[in-house]
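The residues making up each chain are set out below.
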Amino acid sequence: MNILQFKYFFNILGKFRNFSMASYSPVSHVIFDLDGTILDTETIYTEVYRKVIESYGETYTDDLRLAITGSKEQDACRVLVESLNLPLTPTEFSQKVQVLQKPALENPPCKPGAERLIFHLHQHKIPIAIATSSGEEKCKIKTANLPHLFSLFSHMVTGSSDPEVVNGKPAPDIFLITANRFPNPPSPQKCLVFEDAPNGVAGAKAAGMQVVMIPEDYVPEEQTKDATLVLKSLEDFKPELFGLPPYPK
């Protein structure tokens, strides 16, 4: 390949979102976020928050959505109440949200590619776990209709209800705790995280882990640049990039 061919090839690759020449390190364990990564629930959360906020004459903007996505539930409610100066406490706001959320979260669909990847990793005996900012009760509602899928995980850490998770994402706490609860806990460098939210990416990176980000459409490109790899869908993930068994051809 001559220099002109190389420049052309590099320019073509550079058009891919968040392209990086950096290599990826092999991993032995995988940690998944839940909402927006495995389950397609972000639209449900958005609609519920919007309804409650608009009932007070305010607007749920993309900036607010970005600020709270991936955060612990109690942190998200506090940020929304304080940012919009709503005439109720974060606890009262949370209660209104719960009433609307519960029926809507009983049977959420999976994100494209999620089931295939989870079954593939389990089949090859790659330890997998979930690190979610949701509380335990809400996670039981969301996962009840998918026991065949969620029974494959080693464990799930629920940030909004687990007493060990003092600081929510973007702090690294939940990822370090999740890694430590694996049998024969791996070092953070041996963990690969899948996330959809900038707060989650920041937390995983702070924990010393590599992160594959599958951002929602409203996330600005500049807020994806800290991820190790950015994909439009889990269907595009190639396990062999991180030393994991490849999909069968």
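Keep in mind that this is a model prediction, so the values were computed, not measured. Here, residues in each chain are numbered from 1, in the same order as that chain's written sequence. Only residues with pLDDT of 70 or above have their local features reported here, since the model is predicted, and side-chain atom pairs are shown and tallied only from 80 upward, although totals for entire chains, interfaces and linings are computed over all residues. The side-chain figures draw on all heavy atoms in the structure; neither hydrogens nor water molecules are used.

**Q** Teacher, can you tell me more about helix H2 (residues 42–54) here?
**A** The α-helix winds at 3.6 residues per turn, so residues separated by three or four positions along the chain end up facing the same way. A helix here means a DSSP run of H or I that spans at least four residues, while a strand means a run of E at least two residues long, and both kinds are numbered starting from the N terminus. How far a helix is expected to stretch is found by multiplying one less than its residue total by 1.5 Å. Relative to the 18 Å expected for 13 residues at 1.5 Å per residue, H2 spans 18 Å between its end C-alpha atoms, a close match to the ideal helical length. Only protein chains enter the accessibility calculation, which uses a 1.4 Å probe. A residue is then buried if its area is under 20% of the maximum for its type, exposed if over 50%, and partly exposed in between. Those residues of H2 that sit buried are Glu42, Ile44, Tyr45, Thr46, Val48, Tyr49, Val52 and Ile53. Buried residues along H2 sit in contact with helix H3 (62–68), helix H4 (73–84), helix H5 (90–104) and helix H7 (136–143). Should any heavy atoms of two residues lie within 4.5 Å, those residues are counted as being in contact.

**Q** Please explain the sheet that holds strand S4 (residues 191–195) as it appears in this structure.
**A** Strand pairing within a sheet occurs via backbone hydrogen bonds; the two strands may be parallel or antiparallel. Pairing is parallel across the open sheet formed by six strands, whose spatial order is S3-S2-S1-S4-S5-S6. Each of the sheet's edge strands pairs with one partner strand only, and the pair in question is strand S3 (156–158) and strand S6 (229–230). The pairing criterion is simple: DSSP has to find at least two bridges between the two strands. In this structure, strand S2 (residues 128–132) lies alongside S3, joined through three bridges in parallel fashion. Within S3, the position partnered with Ala131 by the bridge is Val157. As a rule, the C-alpha atoms of each element are fitted with a line to give its axis, helices using only the stretch in contact, and angles between N-to-C directions run from 0 to 180 degrees. Its contacts with the sheet place helix H6 (residues 114–123) against strand S1 (29–32), S2 and S4, and it is angled at close to 150° to S1.

**Q** Would you mind showing me how to read H5 here?
**A** Taking 1.5 Å of rise per residue, the 15 residues of H5 would be expected to cover 21 Å, and the 21 Å separating its terminal C-alpha atoms lies within 8% of that figure. Of all the bends in H5, the greatest, near 30°, is centred on Gln98. Among all positions of H5, only Phe93, Ser94, Val97 and Gln101 are buried. Contact partners of the buried residues in H5: H2, H4 and H7. Each residue is assigned a bend, namely the angle between axes fitted to the seven residues that terminate at it and the seven residues that start at it.

**Q** It is not clear to me how the nonpolar core should be interpreted in this structure. Could you clarify?
**A** Side chains of nonpolar character tend, in soluble globular proteins, to be buried together. Membership of the largest hydrophobic core comes to 31 residues, with the highest contact counts inside it found for Phe32, Ile38, Phe150, Phe194, Val212 and Phe237. Within the residue set of this core, elements represented by two or more residues are S1, H6, S2, helix H8 (147–150) and S4. Residue contributions to this core peak at four residues, all from H6. Leave out the neighbours within four places in its chain, and Phe194 touches Val30, Ile31, Phe32, Asp33, Thr37, Leu117, Val212, Ile214, Leu234 and Phe237. Nonpolar cores are built from buried Ala, Val, Leu, Ile, Met, Phe, Trp, Tyr and Cys residues. Side-chain atoms within 4.5 Å join them into one set.

**Q** Honestly, the packing of H4 against H5 in this entry has me stumped. Any pointers?
**A** Interaxial distance between H4 and H5 falls to 9 Å at its minimum, and their mutual angle equals 110°. Relative to H5, the element H4 lies roughly perpendicular. Seen along the crossing, H4 lies across H5 with a hand that is right-handed. Here Glu73, Cys77, Arg78, Leu80 and Val81 of H4 come into contact with H5, specifically with Pro90, Phe93, Ser94 and Gln98. Throughout this entry, Asp, Glu, Lys and Arg are counted as charged residues, while Ala, Val, Leu, Ile, Met, Phe, Trp, Tyr, Cys and Pro are counted as nonpolar. The remaining residues, Gly among them, count as polar. For the contact of H4 with H5, the residue count by class is five nonpolar, two polar and two charged. Just so you know how the angles are binned, under 35 degrees is roughly parallel, over 145 roughly antiparallel, 65 to 115 roughly perpendicular, and the rest oblique. A crossing counts as left-handed when the near helix is turned anticlockwise from the far one by less than a right angle, and as right-handed when that turn is clockwise.

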